[in-house]
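# Results of the structural survey
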Amino acid sequence: WALYLYVVSDSAGGAIDPAARADVKALMKAVRTKAGRSCHVEVRADFAKGRSVHATSHAPMSLKRVKEGSGVVQQTLRDFYDHAIRDTPSSVRHVALMFWGHSVGPGGLFEDDNSGVKARSDDGRLNLPLHEVNNAVFHAREELKARNAGVAMAIFKNCAMATVETACEFEGTV
């Protein structure tokens, strides 16, 4: 098994940064246990003020700063999946994708204030619509399929994601 966790806590002036950091640290600590070593973990976390980090379970516990990519959340998500898939052991057959951060349910995830490229919604927020998340997940699924692996589940630790709209959007992809 592998888990790819994508965290965006850079909206709302970093108000959820402490919770995001605590969850990432707890996950990486769990992976270092005897039971946790059987699961490969890749984490991409975007924090307030443009600080982005990457962590992996096959390296010492350290969060390495990464440069913001194109600034487009969907491309950054796809780039993360490409990197994670490249670093995942070939023995992995099942991958769980997890999203962590602000969301507006069917209106989209993350509210990424750093993107600067995506058009702002009517209420001034920048976010990633569900269909764009699904496009990135579909991309990951196809890349994993080429390695005889697959996306087994998508997990959301985001507000208002337990909806029929979310289930319908990902039907057939996950």
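Preceding this paragraph is the structure being described.
Keep in mind the model is a prediction, meaning the values are calculated, not measured.

### Quick word on the overall build of the protein chain
- On a plain count of helices and strands, the protein chain comes out with four helices and six strands.
- Moving toward the C terminus, one meets the helices and strands of the protein chain in the order β-α-β-β-β-α-β-α-β-α.
- Per-residue burial over the protein chain gives 46% buried out of 174 residues.
- Sequence separation of at least 24 residues holds for 66% of the intrachain contacts in the protein chain that already meet a minimum separation of 6.

### Points about the side chain of T88
- The topology assignment puts T88 in the loop between α2 (73–87) and β5 (94–101).
- A polar atom in the side chain of T88 sits 2.6 Å from the backbone oxygen of A84.

### A few points about the nonpolar core
- Counting 26 residues, the largest nonpolar core has Y4, Y81, L97 and F99 as its most contacted members.
- Among the secondary structure elements, those contributing two or more residues to this core are β1 (2–8), α2, β5 and α3 (130–145).
- Considering each element in turn, this core owes the most residues, six residues, to α3.
- Excluding anything up to four places from it in sequence, F99 contacts Y6, L77, Y81, L109, F110, V133, V137, I155, F156, K157 and N158.

### Notes on α3
- Its 16 residues give α3 an end-to-end C-alpha distance of 22 Å, which sits within 8% of 22 Å, the value for a rise of 1.5 Å per residue.
- By the burial criterion, the buried members of α3 are L130, E132, V133, N134, A136, V137, H139, A140, R141 and L144.

### Describing the packing of aromatic side chains
- This model, assessed by the stated rule, comprises six aromatic pairs.
- Between F99 and F156, the aromatic rings sit 5.1 Å apart at their centres with planes inclined by 15 degrees, giving stacked as the arrangement. Here F99, found in strand β5, pairs with F156, found in strand β6 (residues 150–158); they are 57 residues apart in sequence, far enough to count as distant.
- Clustering of aromatic rings is evident, with ring pairs tying together Y4, Y6, F80 and Y81.

### Some points on the pairing of strand β2 (residues 40–46)
- Among the seven residues of β2, seven are classified as buried, and the element is accordingly described as predominantly covered.
- The side-chain alternation of β2 yields two buried faces, one formed by H40, E42, R44 and D46 and the other by V41, V43 and A45.
- By the bridge criterion, seven bridges tie β1 to β2 in an arrangement that is parallel. Following the sheet pairing, L3 is matched in β2 by V41.
- Summarising the sheet, β2 and strand β3 (residues 52–56) pair through five bridges and their orientation is antiparallel. Note that in β3 the partner of V43 across the bridge is A55.

### Re a nonpolar patch on the surface
- Residues W1, M153 and V174 make up a contiguous nonpolar surface patch of roughly 270 Å² in combined accessible area.
- When you line up the elements, M153 lands in strand β6.
- Residue M153 is classed as partly exposed on the basis of its relative accessible area, which comes to 35%.

Rules and cut-offs
- Residues numbered from 1 in each chain as written.
- Predicted model: local features only at pLDDT ≥ 70, side-chain atom pairs only at ≥ 80, totals over all residues.
- Heavy atoms only, no water.
- Helix = DSSP H or I, 4+ residues; strand = E, 2+ residues; numbered from the N terminus.
- Buried < 20%, exposed > 50% of the residue type's maximum accessible area, 1.4 Å probe, protein only.
- Contact = heavy atoms within 4.5 Å.
- Polar contact = N/O pair within 3.5 Å; in protein donor to acceptor, adjacent residues only side chain to side chain.
- Core = buried A, V, L, I, M, F, W, Y, C linked by side-chain atoms within 4.5 Å.
- Expected span 1.5 Å × (residues − 1).
- Phe/Tyr/Trp six-rings, centres within 6.5 Å; stacked < 30°, edge-to-face > 60°.
- Pairing = 2+ DSSP bridges.
- Patch = residues over 30% accessible without salt bridge, like charges linked within 9 Å, V, L, I, M, F, W, Y side chains within 5 Å.
- Areas by Shrake-Rupley, 256 points an atom, 1.4 Å probe, with all protein chains shown as cover.
- Salt bridge = Lys/Arg side-chain N within 4 Å of Asp/Glu carboxyl O.

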